[in-house]
Amino acid sequence: MKCWKKLCILSLLGTALCGGVIPFEAEAAVSSEGIQSVTGVAHVYGDGEKTAAAILTYPEKLMPRSVSADSFEVTGKTIEKAYVSDENSVNGEEKAGPYVVLKFKYVNESFYGDLASRAKKDNKNENGEDNRGPAPGGDAPMHSDRVAPDLSISVRQKGYILSAKDNLYTPGEFVKSTRTEEPVLNSFKQYVYTDPSTGYSMPYNLYLPKNYDPAKKYPMVVFIGDASVDTNDPKTSLYQGNGGTIWAEPAEQAKHECIILIPHYTDDLINELGMMTTDSNVWTPGLTLTWDLIFDVTKKYAVDTDRIYGMGQSQGGMANIAISDKYPDFFAAQLLVACQWNVEEMKAMKDKKLWIIVSQGDNKAYPGMSSAVSLWKSLGTKVVEDGTFWDTKGSWTDLEAKAKALEDTGYPMHFTVFKDGNHMYTWSVAYNLETVRDWLFEQKKEAAK
């Protein structure tokens, strides 16, 4: 009889969600005190860290069939999936338990979207021109105003939910999250390097593989962020985007176990030494300090010096180029995103293994790297490009297929241009290309002849 009553209640829940009322015949204890606590779970996307999911705690086990995405409302979020679990984890299976897991839809909110979507927005000046077009030429602002994202959320149960003991939880008020888990961010540790000759100090973020063994040798990824991360908080380089963090995600480490180094240039260093890179394309005291830090970490840890991979965006890409110009035998391969440098100086990189990604709407990186590609080709370097602008708003499967076609040529250099886009938009997408990440780890320094 109890099972039959439960089936009746579950059936009536559908009616309630459509505006009906649960009749007294359901004979369930009714309570509006359902959600006991809310825990947010953050993820670092290409356009920054965001709350990607939530774990709701209830007083008792719930019936899985009584929960759906329509059962809840989250301020500022679209719920893609909701399910009951017996584990206090976003990785738990759907099963009767006291937890409800909500997973949210991801939307790339990069300020610089594609040109077409920007034109649809009401961001015109008095002449009818789009105010959000490419930034003019010149260096990035010296001082960043970037702050940590607000990861707090508020959740409301708006549908009826049934417990395993036939207790009925009715719609309630919004409940704020009391804490946020940041699993990938917290897998990095923060340290400080002090130059023994100058006394200048520079913090850095370091990730060591879960079962790090100093007797082994590991590939190392070196990621340097854009100038917007140059604050005094070293974690800014982690939450600004996924250029450094994506390599620490469990699925990526399962394929490409590696050490990850993320040097962090601070606002204090800007005041003391000036910017790390400038459009004058010269070697700066900041680059000296950055290089010394990288070299020091390489000596301290179990790094395979034949498999050190450099990458970065804007300032970070420029730093990568400068280091390769000065120390051409250091990186096994590099991923250069939304950056440029003095073209003539880049002759030194003609034999490097590179994957370059820029956006069509980037009025510095696109023409700058196009000129570099022409130079390398004139010097006999094999550079592969498919001559099309890649539509990052279209099919991701098609993008991966395009990347695979470039990889399959076996050429040492690859040049990819995203359709429309802009400077900052480039790195909100670039590191998500799995084929590019896999290509990088296939590269190894060739033995000296």
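Residues numbered from 1 in each chain as written. Predicted model: local features only at pLDDT ≥ 70, side-chain atom pairs only at ≥ 80, totals over all residues. Heavy atoms only, no water.

Asker: Explanation requested: the pairing of strand 7 (residues 154–157) in the structure shown.
Answerer: A regular strand places its side chains so that they alternate between the two faces of the sheet. Bridge count between strand 4 (residues 72–74) and strand 7: three bridges; the pairing is antiparallel. Directly across from Val 74, in strand 7, lies its bridge partner Val 155. When strand 7 meets strand 10 (residues 175–176), the two strands line up antiparallel, connected through two bridges. Of the residues in strand 10, the one forming a bridge with Ser 154 is Lys 176. (Pairing = 2+ DSSP bridges. Helix = DSSP H or I, 4+ residues; strand = E, 2+ residues; numbered from the N terminus.)

Asker: Got a minute to help me understand the sheet that holds strand 4 in this structure?
Answerer: By definition, the strands of a sheet pair up through backbone hydrogen bonds, in either a parallel or an antiparallel sense. The strand order across the open sheet built from three strands is 4-7-10, with neighbouring strands paired in antiparallel fashion. Looking at strand neighbours, the two that pair on one side only are strand 4 and strand 10, the edges of this open sheet.

Asker: Looking at this model, I keep getting lost on the pattern of salt bridges. Mind explaining?
Answerer: Charged atoms that come close allow side chains of opposite charge to pair. Counted according to the given criterion, the structure contains 16 salt bridges. Here Lys 255 makes a salt bridge to Glu 434, at a shortest N to O gap of 2.7 Å. Highlighted residues: Lys 255 in helix 4 (residues 250–255) and Glu 434 in helix 11 (residues 434–442), separated in sequence by 179 residues. Residue Glu 434 is classed as partly exposed on the basis of its relative accessible area, which comes to 36%. The network of salt bridges with common partners includes Asp 47, Lys 50 and Glu 109. (Salt bridge = Lys/Arg side-chain N within 4 Å of Asp/Glu carboxyl O. Buried < 20%, exposed > 50% of the residue type's maximum accessible area, 1.4 Å probe, protein only.)

Asker: I tried to follow the packing of helix 9 (residues 396–407) against helix 11 on my own but got confused; where do I start?
Answerer: Any two packed helices are characterised by the angle at which their axes cross and by the distance between the axes. The N-to-C vectors of helix 9 and helix 11 enclose an angle of 25°; their axes lie 8 Å apart at closest approach. Considering the angle they form, helix 9 stands roughly parallel to helix 11. Contacts from Glu 400, Ala 403, Lys 404 and Glu 407 in helix 9 reach Glu 434, Thr 435, Trp 439 and Glu 442 in helix 11. The residue inventory of the contact of helix 9 with helix 11, partitioned by class, reads two nonpolar, one polar and five charged. (Axes fitted to C-alpha atoms, helices over the stretch in contact; angles between N-to-C directions. Parallel < 35°, antiparallel > 145°, perpendicular 65-115°, else oblique. Contact = heavy atoms within 4.5 Å. Nonpolar A, V, L, I, M, F, W, Y, C, P; charged D, E, K, R; others polar.)

Asker: Is there a simple way to explain the packing of aromatic side chains in this structure?
Answerer: Given two aromatic rings, one states the distance between the centres and the angle between the planes to describe the pair. Across all of its chains, the model carries 16 aromatic pairs by this definition. Aromatic pair Tyr 45 and Tyr 106: ring centres 4.0 Å apart, planes at 10°, arrangement stacked. Of the two residues, Tyr 45 sits in strand 2 (residues 37–45) while Tyr 106 sits in the loop between strand 6 (97–104) and helix 2 (115–120), which places them 61 residues apart along the sequence. Take Tyr 45: its relative accessible area is 15%, and that puts it in the buried class. Geometrically, the ring pair formed by Trp 283 and Tyr 327 is edge-to-face, given 6.3 Å between the ring centres and 70° between the ring planes. Here Tyr 327 lies in the loop between helix 7 (315–326) and strand 17 (333–337) and Trp 283 lies in the loop between helix 5 (267–273) and helix 6 (285–300), a separation of 44 residues in the sequence. For Trp 283, a relative accessible area of 28% translates into the label partly exposed. The exposure class assigned to Tyr 327 is partly exposed, which follows from its relative accessible area of 28%. A network of ring pairs unites the aromatic residues Trp 283, Trp 291, Phe 295, Tyr 327, Phe 330 and Phe 331 as a single cluster. Of note, Arg 156 hangs over the ring of Phe 174, and the distance from its end group to the ring centre comes to 5.9 Å. Over the ring of Trp 283 we find Lys 326, and its NZ or CZ is 5.1 Å from the ring centre. (Phe/Tyr/Trp six-rings, centres within 6.5 Å; stacked < 30°, edge-to-face > 60°. Lys NZ or Arg CZ within 6 Å of the ring centre and 35° of its normal.)

Honestly, it's all geometry; don't read function into it.
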